[in-house]
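Structural characterization, general
As a plain string of letters, each chain reads:
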Amino acid sequence: HVGAQPTADVFLALGGLLVLGKLALLQTLCVVGAIVVGCLGMASVGTVFQNSRARLVGAAVYAAVPLPYVAIAYGKLGALLCYAALPWMLRFFAMSSSEQSANNRSQLFARAILLAGFTTAFVPSFILLVALVGILWLVGDLVAGTHRRQVLWSGVFALSVTAGGTIVQVPWLN
């Protein structure tokens, strides 16, 4: 049985402190916040396309996806967390393909690894989703004829985030 890691308990405890022990409020904030964060993340993915309509359409279509509402109905917080984190991970993948300074690139890697580690603490299978997105992103780059250097950075990014998100959870593996 694979479930949430002990790191998730620490995050929940810290969240409980922030809401002054009102755990029902924390749960409500997590449920509603996941939908909002997911839609904002999808809107940020739209910024890659240099079109303001892309942001609006991306957020609207992502909000219309029934996944979070079904997850709420069945009480699946893990699905909501994946719904919230995936658009941000897509944005990080899009940013990894662009030209950046070494400092910006290392900040991007750190943010993506932290997001993968945080989400994996609650949903261990999220790291597999990140690996799948990385593979599909590489295939997309190759099919689109992206410059080899950018494809290489995308591959390094995908491996780093997958490995980093896993390594963050290593102390809890049996």
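Refer to the structure above for everything that follows.
These remarks concern the structure in this document. Computed from a prediction, not measured in an experiment: that's the story for all the values here.

**Focus: the environment of A43**
With respect to the helices, strands and loops of the structure, A43 is situated in helix α2 (residues 23-45). Looking at A43, the relative accessible area reads 12%, which means it is buried. It is 19 Å that separates the C-alpha atoms of A43 and V31, two residues lying 12 residues apart in sequence. Apart from the residues within four sequence positions on either side, A43 is in contact with R55 and A59.

**A short note on the packing of aromatic side chains**
Taken as a whole and judged by the stated rule, the model has 8 aromatic pairs. Plain terms: the ring middles of F93 and F157 are 5.0 Å apart, the flat faces sit at 85° to each other, and that makes the pair edge-to-face. Taken as a pair, F93 in helix α5 (residues 77-96) and F157 in helix α8 (residues 148-167) lie far apart in primary sequence, 64 residues in all. Exposure class is identical for F93 and F157. Each is buried. Each ring, one from F109 and one from F157, has its centre 5.1 Å from the other, and the planes form 85°; the classification is edge-to-face. Of this pair, F109 sits in helix α6 (residues 102-122) while F157 sits in helix α8; the two residues are 48 residues apart in sequence, bridging distant segments of the chain. On the basis of relative accessibility, which here comes to 0%, the residue F157 falls in the buried class. Put simply, the rings of F93, F109, W137, W153 and F157 touch in pairs and so form one group of aromatic residues. The cationic tip of R105 hangs over the ring face of W153; the distance from NZ or CZ to the ring centre is 4.0 Å.

**What about the nonpolar core?**
Counting residues in each nonpolar core, the largest one holds 22 residues, and the members touching the most others are M89, F92, F126, F157 and V161. Taken together, the elements giving at least two residues each to this core come down to α5, α6, α7 (126-144) and α8. No other element matches α6, which puts 7 residues into this core. With residues up to four places along the chain from it excluded, the contact list for V161 reads M89, A112, I113, A116, I127 and V130. Listed in part, the 10 residues of the second largest apolar core include C39, V45, A71 and L80.

Here is what the cut-offs are and how they apply
- Residues numbered from 1 in each chain as written.
- Predicted model: local features only at pLDDT ≥ 70, side-chain atom pairs only at ≥ 80, totals over all residues.
- Heavy atoms only, no water.
- Helix = DSSP H or I, 4+ residues; strand = E, 2+ residues; numbered from the N terminus.
- Buried < 20%, exposed > 50% of the residue type's maximum accessible area, 1.4 Å probe, protein only.
- Contact = heavy atoms within 4.5 Å.
- Phe/Tyr/Trp six-rings, centres within 6.5 Å; stacked < 30°, edge-to-face > 60°.
- Lys NZ or Arg CZ within 6 Å of the ring centre and 35° of its normal.
- Core = buried A, V, L, I, M, F, W, Y, C linked by side-chain atoms within 4.5 Å.

The values are spatial; any link to function lies outside them.
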